Amino acid sequence: MIRYGAADGIPRYESEGTKVTQKSLSGFCKARDWLVCIDSDGTAMDTMTVKHQKVLGPCLIEEWNLEQWREEILARWDEINMYTSTRGIHRFQGLRRALKEIHEKYVPIEGIYCFDNWCETESTLSNATLKAELERSGNVCLKKALHWASMVNERVESLKIEEKQPFEGFREALERAAGQADIAVVSSANPEAVFTEWGYYRLLDHVDVVCAQDCGSKEYCIGQLKNKGYESTHILVCGDALGDLDATEKNQALFYPVCQGREKESWGEFEEGFQRFLAGTYEGGYYEEKKERFKKNLS
Ligand SMILES: [Mg+2]
């Protein structure tokens, strides 16, 4: 059940809430022959720009005292995280890239080798594993990375819900798809964020199952959904990053790209793609061209 916060009017889900359990992967059963999986950040929800430009980038400048090179570093941060092939990169891997470049180009980053090594070898990059490694090594770069990550979480949470809106045309596409297919959210965001954002904009009503960060990688989640009994070519995954395409192809499913900077156009073209998907005419020239345009847009 949805409980509206008295102070801000934002819907929150009770920890014992029925919505959460109703839409869990384990409780989900296939109802239709077709499944549409939808990524959240940067695909359905226009959240990446605000998060990176208002929070992640500025927190990097603040934590490492980089004010002197602010504009250049922020522009490069956006390129790494949003505008190139690494779009959607894990936040610690994005930080690792940015710090290495800053170390080489602007100013030495103390203890960077330890953080670089942690990113290289740790299989689960999270605040908890970072904290454990910091306690073991006492490294200053790990300490700063952890402080940066905590600051980021706090500030992302305090962004207003109105700053995290669905892309234009997404609601119509979702409603259209939900009329004929089962709908899954497949996102690496935390489940609270997905439920809050999708709930607030009444998108959750059209969703059958939510697979967020806590369910595992996107490749794993798509695989688990496939195991519910869908044919590979009856699964359409909507995503905005090359990682989404990769997770789709590893499951032999079909991919519908939402192109960065052209999200409205991408959702506007969804009807044709969805019709082809249902008719079994998605693969071939149409699909190859879509993928080609998507990759070119991020190069
Ligand atoms: Mg995304």
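Up top is the structure.
Quick summary incoming for the structure in this document. The model shown is predicted, which means the values in this text are computed figures rather than measured ones.

Notes on the overall build of the protein chain
Secondary structure assignment for the protein chain yields 14 helices and 9 strands. A globule of 299 residues ought to have a C-alpha radius of gyration of about 19 Å, and the protein chain, at 20 Å, matches this closely. Each of the 299 residues in the protein chain was classed as buried or not, and the buried ones make up 49%. Considering only contacts within the protein chain whose residues lie at least 6 apart along the sequence, 69% involve residues at least 24 apart.

A look at the coordination of the magnesium ion
Protein-derived ligands of the magnesium ion are Asp39 (OD), Asp41 (O) and Asp240 (OD), with the metal-ligand distances lying across 2.2 Å. Donor residues binding the magnesium ion come from one chain and are separated in sequence as D-x1-D-x198-D.

Quick notes on helix H11 (residues 242-249)
Asp244, Leu245, Ala247 and Thr248 are the residues of H11 that are buried. Viewed end-on, H11 has its buried residues packed into an arc of 165°, placing them on one side of the element.

Side note on the packing of helix H6 (residues 127-137) against helix H7 (residues 140-157)
Remark: H6 packs on H7, axes separated minimally by 9 Å, with the N-to-C direction vectors making an angle of 155°. The pairing of H6 with H7 is recorded here as roughly antiparallel in orientation. You can see that H6 and H7 cross each other, and the crossing is left-handed. Here Asn127, Leu130, Lys131, Glu133, Leu134 and Ser137 of H6 come into contact with H7, specifically with Leu142, Lys143, Ala145, Leu146, Ala149, Ser150 and Asn153. When grouped by side-chain class, the residues that make up the contact of H6 with H7 number 6 nonpolar, 4 polar and 3 charged.

Digging into the sheet that holds strand S6 (residues 182-186)
Within a sheet, each strand pairs with its neighbour through backbone hydrogen bonds, oriented either parallel or antiparallel. Ordered in space as S7-S6-S3-S8-S9, the 5 strands form an open sheet in which the pairing is parallel. Bordering the open sheet on either side are strand S7 (209-211) and strand S9 (254-257), each of which pairs with just one other strand. Each adjacent strand pair in this sheet contributes to an overall mean axis angle of 25°, direction not counted. Summarising the sheet, strand S8 (residues 235-239) and S9 pair through 4 bridges and their orientation is parallel. Each bridged residue has a counterpart across the sheet, and for glycine 239 the counterpart in S9 is proline 257. Across the sheet, helix H10 (residues 218-226) lies against strand S3 (35-38), S6, S7 and S8, angled at about 160° from S6, the strand it touches most.

Examining the nonpolar core
With 57 residues, the main nonpolar core has Val36, Ile38, Trp198, Leu225 and Phe270 as its most contacted residues. Among the elements that make up this core, the one with the highest residue count is helix H8 (residues 170-178) (5 residues). Setting aside chain neighbours within four positions, we find leucine 225 in contact with Leu25, Phe28, Leu35, Cys37, Ala184, Val186, Val209, Cys211 and Tyr230. Core analysis: the second largest hydrophobic core is formed by 36 residues, Trp118, Cys119, Leu125 and Val152 among them.

Re the environment of cysteine 221
Within the secondary structure layout, cysteine 221 lies in helix H10. Accessibility expressed as a relative area gives 1% for cysteine 221, which makes it buried. Separated by 10 residues in the primary sequence, cysteine 221 and cysteine 211 have C-alpha atoms spaced 6.6 Å apart. Residues within four places of cysteine 221 in sequence aside, it is in contact with Val186, Cys211, Cys215 and Gly216.

Here is what the cut-offs are and how they apply
Residues numbered from 1 in each chain as written. Predicted model: local features only at pLDDT ≥ 70, side-chain atom pairs only at ≥ 80, totals over all residues. Heavy atoms only, no water. Helix = DSSP H or I, 4+ residues; strand = E, 2+ residues; numbered from the N terminus. Rg over C-alpha atoms; globule rule 2.2 N^0.38 Å. Buried < 20%, exposed > 50% of the residue type's maximum accessible area, 1.4 Å probe, protein only. Contact = heavy atoms within 4.5 Å. Donors = N, O, S within 2.8 Å, 3.2 Å for Na, K, Ca; no water. Arc of directions from axis to C-beta. Axes fitted to C-alpha atoms, helices over the stretch in contact; angles between N-to-C directions. Parallel < 35°, antiparallel > 145°, perpendicular 65-115°, else oblique. Left-handed = near helix turned anticlockwise from the far one by under 90°. Nonpolar A, V, L, I, M, F, W, Y, C, P; charged D, E, K, R; others polar. Pairing = 2+ DSSP bridges. Core = buried A, V, L, I, M, F, W, Y, C linked by side-chain atoms within 4.5 Å.

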